[in-house]
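Below, each chain spelled out in residue letters.
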Amino acid sequence: MALSCSSLCSRLSLTRLSGLSTNRITHGFYLQGVSCQSRLLLCRDFTSSKVRRGIGRYVSSTFQWANAKYEGFLKRRFPRFFLLYHTFKEGFRMLFQDARDVKRIKTKMVVKGVKFHDLHYREMEKLRQFRRDLIKAIPLVIITIPPFANYLIFFLMYFFPRQLLIPHFWTPRQQLEFRKVYHSHRTQHHQPVLKELEDVSHQVKNGHLPGLLKNLCAKVQRGGNPNVSEILAVRSLFSKAPLAMNTMSHDQMRHISPLLFLTPRLPGFLIGRRLNSHAVELFQLDRALSRMGPHQLSEWELKQAEAVSQADACYVRGMNADSLGISQSREWLSQWLQVSSALK
C-alpha cells in the first residue's frame, strides 16, 4: 500500500511539473497516455484570454444592470434631473459619433485627394456644422480651466443652455424653442435689409431693373412670396456696385450677417470676409444638394431640427419650416435651388 501510494504521488508530481512547463495552462494535469494534440485541444478551453473575456463580460453586464437600475431610480424620483442626465448622455454619444465621422471624412479627403466642394452633401454639411459647434464649445472649455470652475460651469449650463451649449445637449423641447428664438432674431433684420435695398435701388442706373427691384421689395414687405423668375430678373444688379458684395456698406453687411447666423460685432473688413466665405460655402452646399437631389432628403433632414445642429436644409437658408408641411418645404427648397443654380 505504501509503495503504491508513493508511486501515485510521484506520478502526480511529474504530471504537475509537466503542466507548469506549458505557459498557456492555468490549472489541471494530463495523463501520460494523452497525445500532445489532444492536450492542446483540452487546454484551449482553459486559456487565460478566455478567462479575461469571461470576466470582462461579467463586469460589463453588471455595470449595465447597475446603470439601468440607477436610471430607473432617477426617472421615478427625479424626472427633471433624469431628462437632463439622459440629454447629456445622448449628447456626448452623438458628439463622439460626429467626431468619428469627421475623422473618416478628413481621412478620405487626404488619402483620396477629394476636395471639399466634391464631397457628398451630407459629408459637407457634417464638416461645416461640426466646425461651428467646435467654435462655440471652445469658450466653455476655456472657462473650465481655473480650479473649481466645474461647479460654476454646471450652474451656467443649467441656466444658459442656449448661449453655452451646442445643440447636442439640448432637449427636444429646447431645440424647437431655441430655433424660434434664433429665427425671431433673424427676422428683425429683414425690414432693414429691404429698406436698404429700396434706398440703393435709386442709385442704380440700369434701365428698368431698379424699378423691378423696388417692386420686388414692396411685394415682400406686403407679405407676398416672389417667384423664381422675379428674383432672377434682377440678379445682374448684384454683380456690380452698389449692391455687389465687395461694394456694400458696413451697415448693410451688419444687417445681412444675422440672416446667416454670423455675428455683426466685428470690424467691417472681417465682416466682409466672413460673409464672402459663408456665401461660397452655402453655394457649394447648394451644388452638392442639387447633385444629390432634394427629393432624397428625409423629412428629418429637410424640416426637423437635428439633435446635433440647427443646420437643416431649410433653416440654414433662412426658412423656419416648423409650421410647413413636408411638401411645402420641398417646394420652397426646390425654388431656392433654381435660383442658386442660375448664379455664378
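Residues numbered from 1 in each chain as written. Predicted model: local features only at pLDDT ≥ 70, side-chain atom pairs only at ≥ 80, totals over all residues. Heavy atoms only, no water.

Peer 1: Where do I start with helix 13 (residues 268-292) in this structure?
Peer 2: In an α-helix there are 3.6 residues to a turn, and that puts residues three or four apart on one side. Spanning 25 residues, helix 13 covers 36 Å between terminal C-alpha atoms, matching the ideal 36 Å at 1.5 Å per step. Here helix 13 has its buried residues at Gly268, Ile271, Gly272, Leu275, His278, Glu281, Leu282, Leu285, Asp286, Ala288, Leu289 and Met292. Buried residues belonging to helix 13 abut helix 5 (121-143), helix 12 (250-256) and helix 15 (326-341). Just past helix 13, the residue glycine 293 takes up positive phi, approximately 100 degrees. (Helix = DSSP H or I, 4+ residues; strand = E, 2+ residues; numbered from the N terminus. Expected span 1.5 Å × (residues − 1). Buried < 20%, exposed > 50% of the residue type's maximum accessible area, 1.4 Å probe, protein only. Contact = heavy atoms within 4.5 Å.)

Peer 1: Can you help me understand the packing of helix 13 against helix 15 in this one?
Peer 2: Between two packed helices, what matters for the description is the angle formed by their axes and the separation of those axes. As a packed pair, helix 13 and helix 15 sit with axes 10 Å apart at the nearest point and diverge in direction by 115 degrees. Classified by the angle between their axes, helix 13 and helix 15 sit roughly perpendicular to one another. Where helix 13 crosses over helix 15, the handedness of that crossing is left-handed. Judged by residue contacts, Leu282, Phe283, Asp286, Arg287, Leu289 and Ser290 of helix 13 engage Leu333, Trp336, Leu337, Ser340 and Ser341 from helix 15. Per-class residue counts for the contact of helix 13 with helix 15 are six nonpolar, three polar and two charged. (Axes fitted to C-alpha atoms, helices over the stretch in contact; angles between N-to-C directions. Parallel < 35°, antiparallel > 145°, perpendicular 65-115°, else oblique. Left-handed = near helix turned anticlockwise from the far one by under 90°. Nonpolar A, V, L, I, M, F, W, Y, C, P; charged D, E, K, R; others polar.)

Peer 1: Help me out: how do you make sense of the confidence of the model for the chain in this one?
Peer 2: Detailed conclusions should not be drawn from predicted coordinates in areas where pLDDT is low. Per-residue pLDDT for the chain averages 78, and the proportion of residues at 70 or more is 79%. Averaged pLDDT values for the elements of the chain fall to 41 in helix 1 (residues 2-20) and rise to 93 in helix 11 (residues 228-232). Throughout residues 1-34 the model reports pLDDT below 50, and contacts reaching past four residues in sequence, or to other chains, amount to 15 contacts. With pLDDT under 50 throughout, residues 304-311 is counted as low confidence; its partners more than four residues away or in other chains account for 31 contacts. (pLDDT = per-residue confidence, 0-100.)

Peer 1: What is the right way to look at the pattern of salt bridges in this model?
Peer 2: Pairing between side chains of opposite charge can happen when their charged atoms approach one another. Counted under the stated rule, the structure contains nine salt bridges. Among the ionic pairs, glutamate 123 bridges to arginine 104, the shortest N-O distance being 3.6 Å. On the criterion of sequence distance, the pair formed by glutamate 123 in helix 5 and arginine 104 in helix 4 (residues 79-112) is long-range, its members being 19 residues apart. Residue classification places glutamate 123 among the buried residues on the basis of a relative accessible area of 12%. Judged by relative accessible area, arginine 104 falls into the partly exposed class, the value being 45%. As a salt-bridge pair, arginine 317 and aspartate 286 come within 2.8 Å of each other at their nearest N and O atoms. Pair noted here: arginine 317 is in the loop between helix 14 (299-302) and helix 15 and aspartate 286 is in helix 13, with a separation of 31 residues, a long-range link. (Salt bridge = Lys/Arg side-chain N within 4 Å of Asp/Glu carboxyl O.)

Peer 1: What am I meant to see in the layout of surface pockets here?
Peer 2: Gaps left between atoms are located by rolling a probe of water-molecule size over the structure's atoms. Roughly 1100 Å³ of internal volume is contained in the second largest pocket. By residue number, the principal contributor to the lining of the second largest pocket is helix 5, which donates seven residues. Taken together, domain 1 (66-169) and domain 2 (185-244) each give at least three residues to the lining of the second largest pocket, which thus spans both. (1 Å grid on protein atoms, 1.4 Å probe; cavity = no way out; pocket = protein on both sides within 12 Å on 5 of 7 lines; lining within 4 Å. Points joined across faces, edges and corners; volume = space filled by probe spheres on them. Domains from an automatic or database assignment.)

Peer 1: Is there a simple way to think about the nonpolar core in this case?
Peer 2: Inside soluble globular proteins, nonpolar side chains tend to come together where they are buried. One finds Leu119, Tyr121, Leu127 and Leu289 to be the most contacted residues of the largest nonpolar core, which totals 17 residues. Counting only elements with at least two residues in this core, the list comes to helix 4, helix 5, helix 13 and helix 15. Per-element tally for this core: the top contributor is helix 13, with five residues. By size, the runner-up hydrophobic cluster in this structure holds 12 residues, among which are Leu164, Ile166, Phe178 and Tyr315. (Core = buried A, V, L, I, M, F, W, Y, C linked by side-chain atoms within 4.5 Å.)

Peer 1: So what exactly am I meant to see when it comes to a nonpolar patch on the surface here?
Peer 2: Side chains of Ile143, Leu152, Phe155, Tyr158, Phe159 and Phe160 sit close together on the surface and give an oily, nonpolar patch of about 600 Å² of accessible area. Among the elements that line the nonpolar patch, the one with the most residues is helix 6 (residues 149-159), at four residues. Positionally, tyrosine 158 belongs in helix 6. Judged by relative accessible area, tyrosine 158 falls into the partly exposed class, the value being 46%. (Patch = residues over 30% accessible without salt bridge, like charges linked within 9 Å, V, L, I, M, F, W, Y side chains within 5 Å. Areas by Shrake-Rupley, 256 points an atom, 1.4 Å probe, with all protein chains shown as cover.)

Peer 1: Quick question: what am I supposed to make of the packing of aromatic side chains here?
Peer 2: The tally for this structure, following the rule as stated, stands at eight aromatic pairs. Sitting above the plane of the tyrosine 182 ring, arginine 162 keeps its charged end 5.4 Å from the centroid. (Phe/Tyr/Trp six-rings, centres within 6.5 Å; stacked < 30°, edge-to-face > 60°. Lys NZ or Arg CZ within 6 Å of the ring centre and 35° of its normal.)

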